[in-house]
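If you want the building blocks of each chain, they are given just below.
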Amino acid sequence: MSRVYNFGAGPAMLPLEVMEKAQQEFLDYRGMGASVIEISHRSKEFDAIINRTDELLIELAGIPDNYKILYVHGGAQMQFSAIPLNIINRQPDRKAAFVQTGAWSVKAAKEAGRYGTAIDLASSKDSNFNYIPDFDPATLTDDFSYLHITSNNTLFGTRWHEFPETGNVPLVADMTSEFMSRKLDVSKFGIIFAGLQKNLGPAGLAVVIIREDLLEHALPETPGLLTYKTYADQHSLANTNNTFAIYLMSLVMEWLKEQGGVAAMEERNEAKAKLIYDYIDSQDFYYGTAQAAHRSVMNVTFNMQKEDLLGDFVAQAEAAGLYALKGHRDVGGARASIYNAMPMAGCEALVAFMKEFAAKNG
Ligand SMILES: *Cc1c(COP(=O)(O)O)cnc(C)c1O
């Protein structure tokens, strides 16, 4: 068996130990003679799996008692619809505020606009989203139902290093590409949500951490399976959920705990990103795409002065076992996604390859 270093943005690489454990348990889950994929979502075995996943999330992310953990169908983008359906009615004007930092917040605002008014408080579109713009806190008045941000911008390689103070307005954060990679004060957020496929497990499901008081505002026409209260009241099992995804997430969380938890992972992630950024800043064959003060720790975006060499760069990297380095088409260049599962050795291999490529083509 040979495995590459997978720099793809998502679905992304999972820890090898997790994949091996899932493989070992696949045919016969812990002596029961059946696979997790074959048993009822209401079985005692699955009940133990979902309870354990909750327990690990509460412990590792520090989730306070007045929050619920939901496992919601449809990945991250389904929450772009579910969030306004569930909370835009919190205030009578049905207004939602956005800070536009990339394609994902733009899409989320478009969905919110179906159910109310989406208002941009700030945007970095003018420079192809290569930084996180400031907004004037006075513009976030209490008549907004919520403020939506994308905490880490997967395509553009920026992130919110500090989160905004939002007073009485709940802060909603799309953390799909960084949840569980950095320490957080969950109590500052109304809703945190993340599609699983970047840092947590397979695609198709999102984990939603929601403050309890926000469960009470759903628009009456909200479909039952997009109503967060339905999930909260029925432990995400109103219908057959993606049990295998929840199981894999529980294994990823066990792995994260063994690694020392989120604080240890954050340190490791910062060291990984620093290695690549320091190299990029030390020479002039390559340059970083995002403004240095706003750089992501999860998605390192860069390009080369001789842009016509990009195709060769990506192809030769792949031949050397460094997979999926092509950047998103909206940004161009290259992107190294280095989520929790990417070891330091993968980042070292990337920098060694970049040096070699620059020496040959400089
Ligand atoms: C990948 C990603 C999404 C889209 O996730 P889906 O599960 O495909 O809907 C949304 N937001 C962010 C920040 C992402 O990185």
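Fair warning: this is a prediction, and the values are worked out from it, not measured in the lab.

### A few points about the environment of Glu254
Then comes step 1: Of note, Glu254 is situated in helix α6 (residues 243-258).
Then comes step 2: Separated by 88 residues in the primary sequence, Glu254 and Thr166 place their C-alpha atoms 33 Å from one another.
Then comes step 3: Beyond its immediate stretch of four places on either side in the chain, Glu254 contacts Arg52 and Leu56.

### Comments concerning the sheet that holds strand β14 (residues 334-337)
Then comes step 1: One open sheet accounts for three strands, arranged β11-β12-β14; its pairing is antiparallel. Two strands bound the open sheet, and with one partner strand each, they are β11 (286-288) and β14. Put simply, the sheet's adjacent strands are angled 35° from each other on average, direction ignored.
Then comes step 2: Taken strand by strand, helix α8 (residues 310-319) contacts β11, β12 (299-304) and β14, and its axis lies near 130° from that of β12.
Then comes step 3: Sitting on the sheet, helix α9 (residues 344-361) is in contact with β11, β12 and β14, with an inclination near 135° to β11.

### What about the site of the ligand?
Then comes step 1: Near the ligand, the surroundings consist of 13 residues, among which Gln77, Thr154, Asp174, Gln197 and Lys198 are the closest.
Then comes step 2: Gln197 is positioned with one of its side-chain polar atoms (N or O) 2.9 Å from an oxygen atom of the ligand.
Then comes step 3: For the ligand, the protein covers 87% of the area, taking 390 Å² as the surface of the free molecule.
Then comes step 4: Ranked by the residues each element gives to the shell around the ligand, the list is headed by helix α3 (residues 75-87), at four residues.

### Quick word on the sheet that holds strand β8 (residues 171-174)
Then comes step 1: Read across the open sheet, the seven strands follow the order β2-β10-β9-β8-β5-β3-β4; overall the sheet is mixed. Among the strands making up the open sheet, the edge pair consists of β2 (67-73) and β4 (117-123). Across the sheet, the mean angle from the axis of one strand to that of its neighbour is 20°, orientation sign disregarded.
Then comes step 2: Looking at chain direction, strand β9 (residues 191-195) and strand β10 (residues 205-211) are connected through five bridges and run antiparallel. Residue pairing across strands places Gly195 opposite Ala206, the latter belonging to β10.
Then comes step 3: The strands touched by helix α4 (residues 103-112) are β3 (95-100), β4, β5 (144-150) and β8; relative to β3, the strand with the most contacts, the crossing angle is about 165°.

### With respect to the nonpolar core
Then comes step 1: Grouped together as the largest cluster of nonpolar side chains are 57 residues, with contacts concentrated most on Leu57, Leu147, Phe179, Met180, Val207 and Met253.
Then comes step 2: Considering each element in turn, this core owes the most residues, eleven residues, to α6.
Then comes step 3: Contact partners of Met180, with chain neighbours within four places excluded, come to Leu57, Leu60, Ala61, Leu200, Met253, Leu256, Val262, Met265 and Asn340.
Then comes step 4: If you look at the next biggest cluster of nonpolar residues, it comprises 36 residues, including Ala9, Ile276, Val300 and Phe357.

### So, the pairing of β10
Then comes step 1: The buried fraction of β10 amounts to six of the seven residues, a majority that puts the element mostly inside the structure.
Then comes step 2: Direction of pairing for β2 relative to β10: antiparallel, over a ladder of seven bridges. Paired with Ile69 across the bridge in β10 is Ile209.

### Comments concerning the packing of helix α7 (residues 261-281) against α9
Then comes step 1: Closest axis-to-axis distance for the α7/α9 pair is 9 Å, and the angle between their directions is 10°. In terms of orientation, α7 lies roughly parallel with respect to α9. Contacts between α7 and α9 involve Ala271, Lys272, Leu275, Ile276, Tyr279 and Ile280 from the former and Met344, Cys347, Glu348, Leu350, Val351, Met354, Lys355 and Ala358 from the latter.
Then comes step 2: Of the residues contributing to the contact of α7 with α9, the split by class is eleven nonpolar, no polar and three charged.

### Digging into helix α1 (residues 16-25)
Then comes step 1: Listed as buried for α1 are Val18, Ala22 and Glu25. One face of α1 carries all of its buried residues, which in axial projection span an arc of 70°. In α1, the exposed residues that point more than 90 degrees away from the buried face are Gln23 and Gln24.
Then comes step 2: Check the buried side of α1 and you find it contacts α6.

### Description of the pairing of β14
Then comes step 1: Residues of β14 alternate between two faces, with Ala334 and Ala336 on one and Arg335 and Ser337 on the opposite face, all of them buried.
Then comes step 2: As paired elements, β12 and β14 share four bridges and run antiparallel to each other. In the sheet register, Thr301 faces β14, and the bridge partner there is Arg335.

Conventions adopted
- Residues numbered from 1 in each chain as written.
- Predicted model: local features only at pLDDT ≥ 70, side-chain atom pairs only at ≥ 80, totals over all residues.
- Heavy atoms only, no water.
- Helix = DSSP H or I, 4+ residues; strand = E, 2+ residues; numbered from the N terminus.
- Contact = heavy atoms within 4.5 Å.
- Pairing = 2+ DSSP bridges.
- Axes fitted to C-alpha atoms, helices over the stretch in contact; angles between N-to-C directions.
- Near = heavy atom within 4 Å.
- Polar contact = N/O pair within 3.5 Å; in protein donor to acceptor, adjacent residues only side chain to side chain.
- Areas by Shrake-Rupley, 256 points an atom, 1.4 Å probe, with all protein chains shown as cover.
- Core = buried A, V, L, I, M, F, W, Y, C linked by side-chain atoms within 4.5 Å.
- Buried < 20%, exposed > 50% of the residue type's maximum accessible area, 1.4 Å probe, protein only.
- Parallel < 35°, antiparallel > 145°, perpendicular 65-115°, else oblique.
- Nonpolar A, V, L, I, M, F, W, Y, C, P; charged D, E, K, R; others polar.
- Arc of directions from axis to C-beta.

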